[in-house]
Amino acid sequence: MSAATAGLGTQDLHVHTTMSDGKLTLDEVVGLSRERGVRVGIADHVSSRQKAFIPAERVPAYLDALDGADVFRAGEFCWADTLWHTLPDEVMARFDYRIGSNHGFWMPDGRVYSPWWPVLHPEFDVRPDQLMDIMVANLCDLVRTMPIQIAGHSTFLPAGLRRLEDDALAWWTEEREDRYVEALAESGVALEISSRYRLPHHRLLRKAREAGVRFSLGSDGHGEEQVARLEWAVEAAQRAGVTDADLFVPERRA
């Protein structure tokens, strides 16, 4: 399927392989995507933050491997890692697109707070709204600063916040939504609709569409049960009025 004719559900732009923390090899992902009729973008983690991720010295070999496959060549970069600052321009230019994700948030004192921590740091137990404001500020900086085309699973909420209140709208107030949507619209970065995490919520998606934000659909697939499975993302996009014309559509670079 050519990129020019891509539509809702025909491209999964966020897939992982065993080159980082996925469970399937590149060949297995390609075979599965053909079987399911969905073209994929390989976006393995490019970061020095975890041992399973791809560090700077392995990026050229990673891109070499993707050159020979019928996939889009992408990478998922971590906001809280400095690696995306340091890769040479000629290496960055080899990606068909790049994803920036909120695997960590910068605190005002320079520490990094992970949204995957199971409990809140004690200092935020009594002021969780302050943590949410810091996270939203980080997201706005992420899309305005990183050299990316897609913001991955960006509205993910820490488990500690969800334990206090499971309704996403309690944390994603209209004011916070408006700040983030404005940053997305100004930056031109596409908002990922994630089937894995079932994000973002409907109100934010609708606001983003009305603001002219572009979208991408991604499984964030790490295994056979996830890769090229976009049913939730397609349904969420359609409910928010997202059409093929609103999609970010990558081009395979020469």
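The model shown is predicted, which means the values in this text are computed figures rather than measured ones. (Residues numbered from 1 in each chain as written. Predicted model: local features only at pLDDT ≥ 70, side-chain atom pairs only at ≥ 80, totals over all residues. Heavy atoms only, no water.)

A. Layout of the overall build of the chain. Along the backbone of the chain there are 10 helices and nine strands. Over its C-alpha atoms the chain spans a radius of gyration of 17 Å, differing by no more than 12% from the 18 Å that the globule rule assigns to 254 residues. Here the C-alpha coordinates of the chain stretch approximately 50 × 40 × 35 Å along the principal axes. Out of the 254 residues in the chain, the part that is buried amounts to 56%. (Helix = DSSP H or I, 4+ residues; strand = E, 2+ residues; numbered from the N terminus. Rg over C-alpha atoms; globule rule 2.2 N^0.38 Å. Buried < 20%, exposed > 50% of the residue type's maximum accessible area, 1.4 Å probe, protein only.)

B. Structural context of the packing of aromatic side chains. On inspection of all chains with the given rule, the structure shows 10 aromatic pairs. Between Phe156 and Tyr197 the ring centres are 5.1 Å apart and the planes differ by 75 degrees, which places this aromatic pair in the edge-to-face class. Of this pair, Phe156 sits in the loop between β7 (150-152) and α6 (159-164) while Tyr197 sits in the loop between β8 (190-194) and α9 (202-210), and the two are 41 residues apart along the sequence. Here the aromatic cluster, defined as three or more aromatic residues joined through ring pairs, consists of Phe72, Tyr97 and Phe248. We note Arg39 situated over the ring of Phe72; from NZ or CZ to the ring centre the distance is 4.2 Å. (Phe/Tyr/Trp six-rings, centres within 6.5 Å; stacked < 30°, edge-to-face > 60°. Lys NZ or Arg CZ within 6 Å of the ring centre and 35° of its normal.)

C. Geometry of the pairing of β8. With respect to burial, β8 is a largely interior element, five of its five residues being buried. Here β7 runs beside β8; their pairing, made up of two bridges, is parallel. By the bridge assignment for β8, Ile150 is matched with Ala190. Running through α9, the crossover from β8 to the neighbouring parallel element strand β9 (residues 215-218) is right-handed. (Pairing = 2+ DSSP bridges. Right-handed = clockwise from strand over helix to strand, strands pointing away.)

D. Structural context of the pattern of salt bridges. All told, the structure shown has 23 salt bridges when counted by the stated rule. A salt bridge links Asp166 to Arg162; its shortest N-O distance comes to 3.0 Å. Salt-bridge contacts for Arg206 lead to Glu210; the nearest nitrogen and oxygen are separated by 3.7 Å. Of the two residues, Arg206 and Glu210 are both situated in helix α9; the distance of four residues between them amounts to about one turn of the helix. With relative accessibility at 30%, the residue Arg206 sits in the partly exposed group. Here the salt bridges do not stand alone but share partners, grouping Asp64, Asp67, Arg73, Arg94 and Asp96 into one network. (Salt bridge = Lys/Arg side-chain N within 4 Å of Asp/Glu carboxyl O.)

E. Fine view of helix α8 (residues 174-187). The terminal C-alpha atoms of α8, which comprises 14 residues, lie 20 Å apart, in line with the 20 Å expected from a rise of 1.5 Å per residue. Among all positions in α8, only Arg176, Glu177, Tyr180, Val181, Ala183 and Leu184 are buried. Each buried residue of α8 sits inside an arc of 155 degrees when the element is viewed along its axis, so together they form one side. Close packing links the buried residues of α8 with α5 (128-145), β7, α7 (168-171), β8 and α9. Positioned one or two residues after α8, Gly188 has a phi angle of 80 degrees, which is positive. (Expected span 1.5 Å × (residues − 1). Arc of directions from axis to C-beta. Contact = heavy atoms within 4.5 Å.)

F. Structural detail: α9. Looking at α9, one finds that the buried residues are Arg203, Leu204, Leu205, Lys207 and Ala208. Packed against the buried residues of α9 are α7, α8, β8, β9 and α10 (231-239). One or two residues past the end of α9 sits Gly212, with phi positive at roughly 85 degrees.

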